[in-house]
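What follows is the residue order along each chain.
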Amino acid sequence: MRAVVFDAIGAEPEVREVPEPTAPDGGVVVRVHATGLCRSDWHAWAGHDDIALPHVPGHELAGVISAVGSGVANFAVGDRVTVPFVCGCGRCEWCRSGNAQVCPDQQQPGFTTWGSFAEEVALHAADTNLVAIPDGVGFEAAAGLGCRFATAYRGLVGRARLAEGEWVAVIGAGGVGLSTVMIAKALGAHVVAIDRNPGALAVARALGADHTVGAGTDTPAAVHDLTSGGAHVAVDAVGSERTSSDAIFSLRRRGRHVQIGLLPPVDGHPRIPMSRVIAWELDLLGSHGMPATDYPGMLALIDQGHLAPQALIERTIGLTEAATLLPTFDQAAVAGMTMINPAL
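The sections below set out a description of the structure shown in this document. Each chain has its residues counted from 1, following the order in which its sequence is written. Local features are withheld for residues below a pLDDT of 70 in this predicted model, meaning they are given only at 70 or higher, and side-chain atom pairs are given and counted only at 80 or more; totals for whole chains, interfaces and linings count all residues. Water and hydrogen atoms were dropped before computing side-chain values, which therefore reflect all heavy atoms in the structure.

The subject of this paragraph is helix α4 (residues 139-159). Given a residue, its bend is the angle between the two axes fitted to the seven residues that end at it and to the seven that start from it. A run of H or I in DSSP counts as a helix once it spans at least four residues, and a run of E counts as a strand once it spans at least two, with each numbered from the N terminus. Where α4 bends most, the angle comes to about 60°, and this point is Leu145. Between buried and exposed lies partly exposed: a residue is buried under 20% and exposed over 50% of the maximum accessible area for its type, with that area taken using a 1.4 Å probe on protein chains only. In terms of burial, α4 is a largely internal element, 17 of the 21 residues being buried. Residue Arg161 follows α4 closely and has a positive phi angle near 50°.

If you trace the backbone, His257 turns up in strand β12 (residues 251-259). Any two residues having at least one pair of non-hydrogen atoms within 4.5 Å are treated as being in contact. Here His257 is in contact with Ala234, Asp236, Ser244, Ala247, Ile248, Leu251, Asp283, Leu284 and Leu285, once residues within four sequence places are set aside.

This paragraph deals with the nonpolar core. We define the nonpolar core as a collection of buried residues of types Ala, Val, Leu, Ile, Met, Phe, Trp, Tyr and Cys that are connected through side-chain atoms lying within 4.5 Å of one another. Judged by nonpolar contacts, the single largest core of 50 residues is most densely connected at Phe149, Val168 and Met298. Of all the secondary structure elements, the ones that give two or more residues to this core are α4, β8 (167-171), α5 (175-186), β9 (190-194), α6 (198-206), β11 (231-236), α10 (295-303) and β15 (337-340). Discounting residues that sit within four places of it in the chain, Phe149 has contacts with Gly144, Ser179, Met182, Ile183, Met298, Leu307, Pro309, Leu312 and Met337. Judged by nonpolar contacts, the second largest core, of 23 residues, contains Ala3, Val4, Phe117 and Leu325.

This brings us to the packing of α4 against α5. Two elements in contact, α4 and α5, have axes separated by 8 Å at closest approach and are oriented at 50°. Viewed along their axes, α4 and α5 adopt a mutual orientation that is oblique. Relative to α5, the crossing made by α4 is right-handed. Contact residues: α4 offers Arg148, Phe149, Ala152, Tyr153 and Leu156, while α5 offers Gly175, Val176, Ser179, Thr180, Met182, Ile183 and Ala184. Among the residues making up the contact of α4 with α5, the classes are represented as 8 nonpolar, 3 polar and 1 charged. Axes, fitted as lines to C-alpha atoms, cover a helix only where it is in contact. Angles between the N-to-C directions of the axes lie from 0 to 180 degrees. Should an angle fall under 35 degrees it is called roughly parallel, over 145 degrees roughly antiparallel, and 65 to 115 degrees roughly perpendicular, with every other angle called oblique. Two helices cross in a left-handed way if the nearer one is turned anticlockwise from the farther one by less than a right angle. They cross in a right-handed way if the turn is clockwise. Note on residue categories: nonpolar means Ala, Val, Leu, Ile, Met, Phe, Trp, Tyr, Cys or Pro, charged means Asp, Glu, Lys or Arg, and polar means any other residue, Gly included.

Position of Ser116 among the secondary structure elements: in the loop between α2 (93-96) and β6 (120-123). Overall, the relative accessible area of 0% leaves Ser116 in the buried class. Taking the C-alpha atoms as reference points, Ser116 and His232, 116 residues apart in sequence, are found 36 Å from one another. Those residues in contact with Ser116 that lie beyond four places of it in its chain are Val32, Thr35, Pro57, Gly58, His59, Glu60, Leu61 and Val121. Nitrogen and oxygen atoms within 3.5 Å of one another constitute a polar contact, given that in protein one can donate a hydrogen and the other can accept it, and given that sequence-neighbouring residues count only through two side-chain atoms. Within the structure, the side chain of Ser116 is placed 3.5 Å from the backbone nitrogen of His59, a separation counted as a polar contact.

Turning next to the sheet that holds β8. Strand pairing follows a simple DSSP-based rule, namely that at least 2 bridges must link the two strands. Pairing within the open sheet is parallel, and its 6 strands lie in the order β10-β9-β8-β11-β12-β13. Two strands bound the open sheet, and with one partner strand each, they are β10 (211-213) and β13 (283-286). Taking the axes of each pair of neighbouring strands and ignoring which way they run, one obtains an average angle of 20° across the sheet. Relative to β12, β11 runs parallel, the two being bridged by 5 bridges. Bridge assignment links Ala234 to a residue of β12, and that residue is His257. On the sheet, α5 packs against β8, β9 and β11 and is oriented at approximately 170° with respect to β9.

Take a nonpolar patch on the surface next. A surface patch of nonpolar side chains, amounting to about 290 Å² of accessible area, comprises Met274, Ile278 and Leu284. Position of Leu284 relative to the elements: it lies in strand β13. By definition, no residue in a patch forms a salt bridge, and every one has over 30% relative accessible area; like charges are joined within 9 Å, nonpolar side chains (Val, Leu, Ile, Met, Phe, Trp, Tyr) within 5 Å. Surface accessibility follows the Shrake-Rupley procedure with a 1.4 Å probe radius. Residue values consider only the protein chains on display as shielding. The term salt bridge refers to a pairing of a side-chain nitrogen on Lys or Arg with a carboxyl oxygen on Asp or Glu at a separation within 4 Å.

So, on to the side chain of Gln259. In this fold, Gln259 is placed in strand β12. For Gln259, a relative accessible area of 15% puts it in the buried group. Polar contacts involving the side chain of Gln259 include one to the side chain of Asp236, which spans 2.7 Å. A distance of 2.9 Å separates a polar side-chain atom of Gln259 from the backbone oxygen of Gly261. Excluding anything up to four places from it in sequence, Gln259 contacts Asp236, Gly239, Ser244, Leu285, Gly286 and Ser287.

See the structure below:
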């Protein structure tokens, strides 16, 4: 099959023929119909994750099951499925309690195993991790759920416990940030979106953001002014010392900060303004994907017409263009999601 492969950290990715995957015990092979190009894929290519080489990236996907391994009870060949980017083992106490996103033996397609920038991908523990795609949801929309929408939904609902009428500051209006804007609005919250890209802010406004803040602005001061005292919830959807600190300083007293963007270490560890955290009794919450058991709440918002993930898809490309874009995706100015169709 064709796949995007890189042989060394930072090496130029290329499209080439690789062996087709086989279904593991308890798992399946999915023929990929759509897979997203995400900043997290760039992090793996840049060496910020521990991956084995050569490597096939790609972690947010949707497609059709083409092969089923032994022991799978709930899925069959021909089923339309998607999957969270964190896949639990299906056996441990965390998976049994519905928290596969923190499974100590987790698999992550595109990180711990070969991913979905390919015509097919193998997935483990299918009965724990796979999610059936409703008839009214297309492959591209479903692929976006596995990382960006699921991560945003888990961060706001499962971690920050966002309440109707609260203010949310969202730093970064890329795929995760715009998903956060859409979900926050669907839940009845007010949103301030912050980004350096005017085009991304225009999209955020179109998706319902109440206010936007651009580059060159004192972000915390602007958020405090717009929200009359600071956000109840702040989300760093970028992942840097500056954006994380800006998000924390944007909070009102006793606010909740959700760190979604990955924080590559700078001189050892990222610096966090802990004096503000302590003095204002702020909550710092990590959020890492979402288990399949949490999908019903998010899918209900889609079914009710409150959430339209397909609205975030800005472009669809093939594997060859994906290989070219991956090394530069940390600088991407595209607002919304870039989807890959391996058949193109």
